[in-house]
Amino acid sequence: MTSAPSALESVIDAANRDRRGALVAYLPVGFPDFETSVAAAIAVIKAGADVLELGMPYSDPVMDGPVIQAAAVQALEGGFRTEHVFEAIRQIRAEVDAPIVVMTYWNLVMQYGVDAFARDLAAAGGNGLITPDLVPDEGAEWITAATDHELDRVFLAAPTSSDSRLDLVINSSRGFVYTVSTMGITGARADVDQAARTLADRLHAHGCTRACVGLGISTAEQVREVLDYAEGAIVGSALVKALASGGVEAVAETAAQLARGTALDATTSKEQA
């Protein structure tokens, strides 16, 4: 990662300095419709999320669980197109100033054109990409485009990653490393796996300074637990489920509840947490 922090890195660092860590909120563009998805994204930031992760609906979302898959299907049936993510970012950016990273399967970027996607993402006010199905050793074109357009690039580390793989992921990432807590698809779980703590510890031992844990976090207690050993907690399915069942008001309340997990106790420092 670069010595000069990006905007995304600075927000994560501030959340770790002032609180337990950062809350990263995932929502798909176009669900349940475009206008509501934009309103929901703005609402979760105003409710306390530090970073917005915008998902691009895809027809074959191999990493996503049933809640997010169903949302993607609805968004695609509603006419979602790649260009909509840039318009969503512009509208969100007009209302809130939180970093926005896009989570997308690589085929969508390839179809659009890698440099063109990076150019339009930066022009809209986006901060970078999470690429779950692109590994760093196959990502030279994206790394070049991201560097040219000053975008963050977030690669994934898994519990099964070798030490050499962790080094490659850390050295190739900018913003944070997406730390996969379980081997499987997304979705809220009752317990966040011990594997997440072990993986975060390994990443830190290899020099990673911003590990954000995703897959399986759905409560403030789990956010608090994750932030004891990681710099960020990523929540998706719980927010999408709230949006599906209760609209913008419900997703804002869920985000506010989750954000309570980032707070320090009055007498507790981050080092003591």
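No experiment lies behind these values; they were computed from the predicted model shown. Here, residues in each chain are numbered from 1, in the same order as that chain's written sequence. Reporting of local features is limited, given that this is a predicted model, to residues whose pLDDT is at least 70; pairs of side-chain atoms are given and counted only at 80 or more, and all residues count toward the totals for whole chains, interfaces and linings. With hydrogens and water set aside, each side-chain value is computed from the structure's full complement of heavy atoms.

Concerning the pairing of strand 1 (residues 22-28)
Rules: Three labels apply to residues, based on accessible area from a 1.4 Å probe with only protein chains included: buried if under 20% of the type maximum, exposed if over 50%, partly exposed otherwise in between. Secondary structure elements are defined from DSSP: runs of H or I of at least 4 residues count as helices, runs of E of at least 2 residues count as strands, and each element is numbered from the N terminus. Note on pairing: two strands pair once DSSP finds at least 2 bridges between them. Every crossover in which the path from the first strand over the helix to the second runs clockwise, viewed with the strands pointing away from the viewer, is termed right-handed.
Across the seven residues that make up strand 1, a large majority, seven, are buried. In the sheet, strand 1 pairs with strand 9 (residues 232-235) via four bridges, with the strands oriented parallel. Pairing of Ala25 across the sheet is with Val235, part of strand 9. Relative to strand 2 (residues 51-55), strand 1 runs parallel, the two sharing five bridges. Paired with Tyr26 across the strands is Glu53, a residue of strand 2. At this point the chain moves from strand 1, through helix 2 (residues 34-46), to the parallel strand 2, and the crossover so formed is right-handed.

Examining the UniProt feature "active site" (unreviewed entry) in the protein chain
This is how it is decided: UniProt positions are given in the numbering used here, feature names are shortened, and annotations may be inferred rather than shown by experiment. Note on contacts: a residue pair is in contact if any heavy atoms of the two residues lie within 4.5 Å.
Per the UniProt record, the feature "active site" (unreviewed entry) sits at Glu53 and Asp64. Looking at where Glu53 falls in the secondary structure, it is placed in strand 2. On the basis of relative accessible area, Glu53 is assigned to the buried category, the value being 2%. Beyond its immediate stretch of four places on either side in the chain, Glu53 contacts Val24, Ala25, Tyr26, Leu27, Val101, Met103, Ile130, Tyr178 and Ile234.

Quick notes on the packing of helix 3 (residues 66-77) against helix 11 (residues 237-259)
The description of two packed helices rests on the angle between their axes and on the distance between the axes. Our working rule: For helices, the fitted axis covers only the stretch in contact; all axes are lines through C-alpha atoms, and the angles between them, taken along N-to-C directions, range from 0 to 180 degrees. Angular relationships are summarised with four words: roughly parallel below 35 degrees, roughly antiparallel beyond 145, roughly perpendicular across 65 to 115, and oblique for the angles in between. Two helices cross in a left-handed way if the nearer one is turned anticlockwise from the farther one by less than a right angle. They cross in a right-handed way if the turn is clockwise. Under the convention adopted here, Pro, Cys and the residues Ala, Val, Leu, Ile, Met, Phe, Trp and Tyr are nonpolar, Asp, Glu, Lys and Arg are charged, and Gly plus all remaining residues are polar.
Between helix 3 and helix 11, the shortest axis-to-axis distance is 9 Å and the interhelical angle comes to 50°. Comparing their axes, helix 11 and helix 3 come out oblique. In terms of crossing hand, the pair formed by helix 3 and helix 11 is left-handed. The segment helix 3 lies against helix 11, with Val67, Ile68 and Ala71 engaging Ser237, Val240 and Lys241. Of the residues contributing to the contact of helix 3 with helix 11, the split by class is four nonpolar, one polar and one charged.

A few points about the side chain of Thr179
With respect to the helices and strands, the residue Thr179 is situated in strand 7 (residues 177-180). Setting aside its immediate chain neighbours within four residues, Thr179 contacts Ala157, Ala196, Leu199, Ala200, Leu203, Ala211, Cys212, Val213 and Gly214.

Digging into the sheet that holds strand 9
With respect to topology, nine strands assemble into an open sheet ordered 5-4-3-2-1-9-8-7-6, the strand pairing being parallel. A strand with exactly one partner marks an edge of an open sheet, and here the two such strands are strand 5 (152-154) and strand 6 (156-157). Summarising the sheet, strand 2 and strand 3 (residues 100-103) pair through four bridges and their orientation is parallel. Across the sheet, the residue bridging to Leu54 is Val102, located in strand 3. Across the face of the sheet, helix 1 (residues 7-18) comes into contact with strand 1, strand 2, strand 3, strand 5 and strand 8 (211-214) while running at roughly 130° to strand 1.

Looking at the pattern of salt bridges
Going by this rule: Every case where a carboxyl oxygen of Asp or Glu lies within 4 Å of a side-chain nitrogen of Lys or Arg is listed as a salt bridge.
Inspection of the entire model under this criterion finds 11 salt bridges. A salt bridge links Glu9 to Arg210; the nearest nitrogen and oxygen atoms lie 3.5 Å apart. Taken together, the residues span a long stretch of sequence, with Glu9 in helix 1 and Arg210 in the loop between helix 9 (194-205) and strand 8 at a distance of 201 residues. Classification of Glu9 by relative accessible area gives buried; the value is 0%. With relative accessibility at 8%, the residue Arg210 sits in the buried group. Where salt bridges share partners, they join Glu9, Asp13 and Arg210 into one cluster.

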